[in-house]
Amino acid sequence: MELVEKHPCIDVLLTDLIMPGPSGVELADQLKTTRPGIRVLFMSGYTDNAIVRNGMLGESAAFLQKPFTPEELLRKLRNVIDAPMI
């Protein structure tokens, strides 16, 4: 939160779903209150099926499965940035 407040040019949040303290979803929700246009890409070592099935993320959320290559990260970030706002 502090980093985004100090750097208003940040347009995309890349966050792990499971973290100490607030989860990635909680962090994204907090940021969206002050930065409603921020794009979010979630990542996790859990499979995307387990995450959706357990209700961690909605099916429309951008998700990247760990481990991933730099190319996969860049491709997914490009998709997130280019996607229309919902």
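Starting from 1, residues in each chain are numbered consecutively following that chain's sequence as written. Residue-level local features of this predicted model are given only where pLDDT is at least 70; pairs of side-chain atoms are given and counted only at 80 or more, and the full residue set underlies all totals for whole chains, interfaces and linings. As a rule here, side-chain values come from all non-hydrogen atoms in the structure, and water together with hydrogens is ignored.

Chemist: Which parts of the structure should I look at to understand the nonpolar core?
Modeler: Buried together is how nonpolar side chains tend to be arranged in soluble globular proteins. By nonpolar core we mean a set of buried residues, namely Ala, Val, Leu, Ile, Met, Phe, Trp, Tyr and Cys, connected to one another through side-chain atoms within 4.5 Å. Throughout, exposure labels follow a simple rule: accessible area from a 1.4 Å probe, protein chains only, divided by the maximum for the residue type, with under 20% read as buried, over 50% as exposed, and the rest as partly exposed. Counting residues in hydrophobic clusters, the biggest one holds 11 residues: Val-4, Leu-13, Leu-17, Leu-27, Ala-28, Leu-31, Ile-38, Val-40, Phe-42, Leu-57 and Phe-63. The secondary structure listing takes helices from DSSP runs of H or I that are at least 4 residues long and strands from runs of E that are at least 2 residues long, numbered from the N terminus. Counting only elements with at least two residues in this core, the list comes to α2 (24-34) and β2 (39-44). Among the elements that take part in this core, α2 stands out by supplying 3 residues, more than any other. Any pair of residues with heavy atoms lying within 4.5 Å of one another is described as a contacting pair. Ignoring any residue separated from it by four or fewer positions in sequence, one finds Leu-27 in contact with Met-1, Leu-13, Thr-15, Met-19 and Pro-22.

Chemist: Mind showing me how you'd approach the sheet that holds β2 here?
Modeler: Within a sheet, each strand pairs with its neighbour through backbone hydrogen bonds, oriented either parallel or antiparallel. Strand pairing is assigned whenever DSSP identifies at least 2 bridges connecting the two strands. An order of β1-β2-β3 is seen for the 3 strands of this open sheet, with the pairing classed as parallel. Two strands close off the open sheet at either side, each with one partner strand: β1 (12-16) and β3 (62-65). Across the sheet, the axes of successive neighbouring strands diverge by a mean angle of 25 degrees, strand direction being ignored. Two elements, β2 and β3, share 4 bridges in a ladder whose sense is parallel. By the bridge assignment, Phe-42 is partnered in β3 with Phe-63. Here an axis means a line fitted to C-alpha atoms, over the contact stretch when the element is a helix, while the angle between two N-to-C directions is reported on a 0 to 180 degree scale. Across the face of the sheet, α2 comes into contact with β1 and β2 while running at roughly 155 degrees to β1. The strands touched by helix α4 (residues 70-82) are β1, β2 and β3; relative to β2, the strand with the most contacts, the crossing angle is about 145 degrees.

Chemist: Whenever I open this one, the environment of Phe-63 confuses me. Can you help?
Modeler: Summarising the element assignment, Phe-63 is placed in strand β3. Each C-alpha atom, one on Phe-63 and one on Lys-76, is 8.3 Å from the other, the two residues being 13 residues apart in sequence.

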